[in-house]
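Listed below, chain by chain, are the residues.
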Amino acid sequence: MAVASYSRYASLEDLLHLLKFSADAKYLNFGKTIHTQLLIRNQSSYRQSHIVQINSLINLYVKCSKLCLARYLFDEMPIRNVVSYNALMGGYLHSGEHLEVISLFKNMVSSFQNDVLPNEYVFTTVLSACSHSRRVFEGMQCHGYLFKFGLVFHHYVKSALVHMYSKCFHVDLALQVLDSEHGSNNDAFCYNSVLNALVESRRWAEAVDVLGRMVDDCAVWDNVTYVSVMGLCGQIRDLRLGLQLHAQLLKGGLVFDVFVGSMLVDMYGKCGDVLNVRKVFDGLQNRNVVVWTSVMTAYLQNGDFEETLNLLTCMDQEGTMPNEFTFAVLLNACAGIAALKHGDILHGRVEKLGFKNHVIVGNTLINMYSKSGSIDSSYNVFFDMMHRNIITWNAMICGYSQHGLGKQALLVFQDMVSTGECPNHVTFVGVLSACAHLALVKEGFYYLNQLMKHFKIEPGLEHYTCVVAVLCRAGLLEEAENFMKTTQVKWDVVSWRVLLNACNVHRNYSLGKQIAETILQMDPRDVGTYTLLSNMYAKARSWDGVTTIRKLMRERNVKKEPGVSWLEIRNVVHVFASDGSSHPECIQIYKKVQILLEMIKQLGYVPNIEAVLHDVEDEQKESYLNYHSEKLAIAYGLMKIPSPAPIHVIKNLRICDDCHTAVKLISKVTNRLIIVRDASRFHHFRDGTCTCSDHW
């Protein structure tokens, strides 16, 4: 009542001051009272003061989030000025209605009523709207108008232009504006915009150049700058620059909020400095889910999968709820160590917390189950997903290919194309790998030469390597060699080793020796090549050749990694080396191996001693073969895992010919599914057969 009484006798100038106060304080009801007093005064002529009143009312309703009322007043104005437009545009911008801002600007520049021309503040608002809505065409039109109205020299306008082009991924245009003579020196906002765009565009060398210019211009850094530069350090793996940046942060006394902290963790993680990752993480006062996910990601990127999973317990103890990105990181850690049981537990939490339908979670579940040997579970997740993206399809296709299930991989690819999803280069790696498993030479070249061209995908080294594998699988070794010699691509060690392995499988030792020499010229320390070459000499009973290879390895200080296999039983990982003597139940395991070998000998098993790299008696060679790590792990699995549960074994090296034959027969006599993931691929042994069809 007192306010109403005062406003009744206040001057017009006082009422406008009160209106501004109401707008700034967001006192809507008080502002409406002032609006009522202005109506009562019944200003009948539209003098300049009347425009000021309505502009003040528009400002009030904009700041009080009553845009409909503001727009009504604006539309009813017979005369408007630049303030009228700018007030309403600002309201639309802050409420996220960016297209309305652009529409108002178009109306403003097309009418020219009463010479209402846009000023630098209007252009800054419109350019911000173009940035948020990625409307680069309208932004370019604004750029043209800036020259027309002579406003390009304003500092804020230049900053808005740089930001608009950067956000719209026209980084070259942003750099042109940055380099222009218009306006004053570039500030942190300009540099931040361009740095972010360059980092996101993976143009890291240019980002480093811009950073140098920023230092030379003595531009004052803010938190956004530090975050951008930390992202750059992580991408280019420049730990030295990252350490200098961290020191500068400490020296400048900037607040380490969760955003800056998570970026520091991310930067150190990508630079491989896990020690500093933990120091930064432990030193943060507040740790939200973003920070926890960042530190988990850092450990994941550096191959410390167990610590990644351990962090979830600490996170739970602190009371922080994981989100879909946290689960994606954790599931990838499970995939890294094939921790199927742990992955199952995480899957249960995903279901319980309602993250099942997040695409990123579904994709990592497919990947986790595939790499943990449970391809059927991968397909169940894939089948149940409500939404799929290209990563989903690729994960399923590549998963089937890695498990040697080529037919299923090609069927999923057909489904993918029929749904309208456009394949990418990763898709065709999976498809061509499937062709290699099935020895589909004609189909492989069709996918490479016609279908990839149809989808405008340029074949890369991975695709050509898969084609080599297709030819090798079909036994066309000379054709594979000719293909490698005539195809204009820089072949790597992996590609040549595909052909070398095929020479070993098909016993073409003369060609194999030539290929091995080629590989060792490229990489004299490639352990896999020495091993395959030794195998070929041993099969040919050329012990001098074996001795020569061993001598060469000693001279070059190349050491063959010892064979190790492991499996998980009731959340405990059991590791086996070739002698198995370190396991507490080694005596029982040895007895179980002997029982299994006696059983499969009745099916015709004969130890394959030809590849044993020892010039000793056959009886000793057979004894050496009996206790390979995968045989010990499988024997222990059969002792401890009840039927009909499958046996999942992981091996660090390629499974040998003898073990492969033995495990096929063991799967038959025990009526069990045995899944072995070796260094090359997955082997599914069931009823005396393997999904690799004896070619790996």
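Reading the values: rules and limits
- Residues numbered from 1 in each chain as written.
- Predicted model: local features only at pLDDT ≥ 70, side-chain atom pairs only at ≥ 80, totals over all residues.
- Heavy atoms only, no water.
- Helix = DSSP H or I, 4+ residues; strand = E, 2+ residues; numbered from the N terminus.
- Rg over C-alpha atoms; globule rule 2.2 N^0.38 Å.
- Buried < 20%, exposed > 50% of the residue type's maximum accessible area, 1.4 Å probe, protein only.
- Contact = heavy atoms within 4.5 Å.
- Areas by Shrake-Rupley, 256 points an atom, 1.4 Å probe, with all protein chains shown as cover.
- Pairing = 2+ DSSP bridges.
- pLDDT = per-residue confidence, 0-100.
- Expected span 1.5 Å × (residues − 1).
- Polar contact = N/O pair within 3.5 Å; in protein donor to acceptor, adjacent residues only side chain to side chain.
- Phe/Tyr/Trp six-rings, centres within 6.5 Å; stacked < 30°, edge-to-face > 60°.
- Lys NZ or Arg CZ within 6 Å of the ring centre and 35° of its normal.
- Axes fitted to C-alpha atoms, helices over the stretch in contact; angles between N-to-C directions.
- Parallel < 35°, antiparallel > 145°, perpendicular 65-115°, else oblique.
- Left-handed = near helix turned anticlockwise from the far one by under 90°.
- Nonpolar A, V, L, I, M, F, W, Y, C, P; charged D, E, K, R; others polar.
- Salt bridge = Lys/Arg side-chain N within 4 Å of Asp/Glu carboxyl O.

Draft legend 1. Looking closely at the overall build of the protein chain. Secondary structure summary: the protein chain contains 37 helices and 6 strands in total. Taken over C-alpha atoms, the radius of gyration comes to 35 Å for the protein chain, far larger than the 26 Å a tight globule of 696 residues would show. Referenced to the eigenvectors of the C-alpha coordinate spread, the extents of the protein chain come out at roughly 115 × 55 × 55 Å. Across the 696 residues of the protein chain, 49% fall into the buried class. Pairs at least 24 apart in sequence give 64% of the contacts found in the protein chain among residues at least 6 apart. Accessible area for the protein chain stands at about 33500 Å²; split by element, carbon and sulfur atoms hold 54% of it.

Draft legend 2. Spotlight on the sheet that holds strand E6 (residues 689-690). The sheet built from 6 strands is open, its strands ordered E2-E1-E3-E4-E5-E6 with mixed pairing. Every interior strand has two partners, whereas the edge strands, strand E2 (572-577) and E6, have only one. Here 4 bridges tie strand E3 (residues 647-651) to strand E4 (residues 674-677), and the two strands are oriented parallel to one another. Bridged to Ile-647 within E4 is Ile-674.

Draft legend 3. Here's a closer look at the confidence of the model for the protein chain. For the protein chain, per-residue confidence averages 88 on the pLDDT scale, and residues scoring 70 or more make up 93% of the total. Across the protein chain, element-level confidence peaks in helix H24 (residues 390-402) with a mean pLDDT of 97 and bottoms out in helix H1 (residues 2-9) with 52.

Draft legend 4. Examining the pairing of E2 more closely. As paired strands, strand E1 (residues 564-569) and E2 are joined by 6 bridges and run antiparallel to one another. Across the sheet, Ser-565 pairs through a bridge with Phe-576, a residue of E2. Hairpin connection of E1 to E2: 2 residues between the antiparallel strands, including Arg-570 at a positive phi of 50°.

Draft legend 5. Highlighting H24. Here H24 is 13 residues long and its end C-alpha atoms lie 18 Å apart, about the 18 Å a rise of 1.5 Å per residue gives. Along H24, 10 of the 13 residues are buried, which leaves the element largely enclosed by surrounding structure. If you check which residues of H24 are buried, you get Thr-392, Trp-393, Asn-394, Ala-395, Met-396, Ile-397, Cys-398, Gly-399, Tyr-400 and Ser-401. Tucked inside the fold, the buried residues of H24 contact helix H22 (359-371), helix H23 (375-384), helix H25 (406-418) and helix H26 (425-438). Residue Asn-389 occupies the N-cap position of H24, its side-chain oxygen lying 3.1 Å from the main-chain nitrogen of Ile-391. Positive phi shows up at Gly-404, right after H24, with a value of about 75°.

Draft legend 6. Here's a closer look at the packing of aromatic side chains. As enumerated under the stated definition, the model contains 23 aromatic pairs in all. Aromatic pair Tyr-379 and Phe-382: ring centres 5.9 Å apart, planes at 35°, arrangement tilted. One end of the pair, Tyr-379, and the other, Phe-382, are both in helix H23, 3 residues apart, so they sit about a helical turn from each other. Tyr-379 gets classed as partly exposed once you look at its relative accessible area, which sits at 30%. With a centroid separation of 6.2 Å and an interplanar angle of 50°, the aromatic rings of Tyr-464 and Phe-483 are classed as tilted. Of this pair, Tyr-464 sits in helix H28 (residues 461-473) while Phe-483 sits in helix H29 (residues 477-486), and the two are 19 residues apart along the sequence. Of the residues examined, Phe-483 reaches a relative accessible area of 12% and is grouped as buried. Each member of the aromatic cluster is reached from another via a ring pair, and the members are Tyr-379, Phe-382, Phe-383, Trp-393 and Tyr-400. The cationic tip of Arg-388 hangs over the ring face of Phe-382; the distance from NZ or CZ to the ring centre is 4.0 Å.

Draft legend 7. Structural detail: unusual backbone geometry. Here Ser-643 and Pro-644 are connected by a cis peptide whose omega angle stands at 5°. Secondary-structure assignment places Pro-644 in the loop between helix H36 (629-640) and E3. The phi torsion at Lys-26 lies on the positive side, around 60°, for a residue other than glycine. Looking at the element boundaries, Lys-26 is found in the loop between helix H2 (12-25) and helix H3 (28-41). Looking at Lys-26, the relative accessible area reads 54%, which means it is exposed.

Draft legend 8. View of the packing of helix H9 (residues 136-149) against helix H10 (residues 155-167). Where H9 contacts H10, the axes come no closer than 10 Å and their chain directions differ by 155°. Our classification of the angle between H9 and H10 gives roughly antiparallel. The two elements H9 and H10 cross, and the hand of that crossing is left-handed. Contact with H9, carried on its side by Val-136, Gly-139, Met-140, His-143 and Leu-146, involves Val-157, Leu-161, Met-164 and Tyr-165 of H10 and no other residues of that element. Residues that form the contact of H9 with H10 fall into these classes: 7 nonpolar, 2 polar and no charged.

Draft legend 9. Fine view of the packing of helix H12 (residues 188-200) against helix H13 (residues 204-216). Put simply, H12 and H13 touch, their axes get as near as 8 Å, and they point 165° apart. It follows that H12 is roughly antiparallel to H13 by the angle criterion. Considering only the axes of H12 and H13, their crossing is left-handed. For the pair H12 and H13, the contacting residues are Ala-188, Tyr-191, Asn-192, Val-194, Leu-195, Leu-198 and Val-199 in the first and Trp-204, Glu-206, Ala-207, Val-210, Leu-211, Arg-213 and Met-214 in the second. In the contact of H12 with H13, the residues fall into 11 nonpolar, 1 polar and 2 charged.

Draft legend 10. Structural view of the side chain of His-463. Position of His-463 relative to the elements: it lies in helix H28. A polar contact is formed between the side chain of His-463 and the backbone nitrogen of Gly-460, at a distance of 2.9 Å. Ignoring anything within four residues of it in the chain, the contact list for His-463 reads His-425, Phe-428, Val-429, Leu-432, Leu-448 and Met-452.

Draft legend 11. Looking closely at the side chain of His-583. Relative to the assigned elements, His-583 resides in the loop between E2 and helix H34 (586-601). At a separation of 3.3 Å, a polar atom in the side chain of His-583 contacts the side chain of His-574. Within the local environment of His-583, its side chain forms a polar contact with the backbone nitrogen of Glu-585, the two atoms lying 3.0 Å apart. Setting aside its immediate chain neighbours within four residues, His-583 contacts His-574, Phe-576, Ile-589 and Tyr-636.

Draft legend 12. Focus on the pattern of salt bridges. Within the structure shown, the criterion is met by 23 salt bridges. Notably, a salt bridge pairs Asp-282 with Arg-278, separated by 3.3 Å at the nearest N-O pair. Taken together, the residues span about one helical turn, with Asp-282 and Arg-278 both in helix H17 (residues 274-283) at a distance of 4 residues. By relative accessible area, which is 45% here, Asp-282 ends up partly exposed. Judged by its relative accessible area of 23%, Arg-278 falls in the partly exposed class. A salt bridge links Glu-630 to Lys-651, with the shortest nitrogen-to-oxygen separation between them at 3.0 Å. Of this pair, Glu-630 sits in helix H36 while Lys-651 sits in strand E3, and the two are 21 residues apart along the sequence. Residue Lys-651 is classed as buried on the basis of its relative accessible area, which comes to 8%. Each member of the salt-bridge network shares a partner with another, and the members are Arg-278, Asp-282, Arg-287, Glu-307 and Glu-318.

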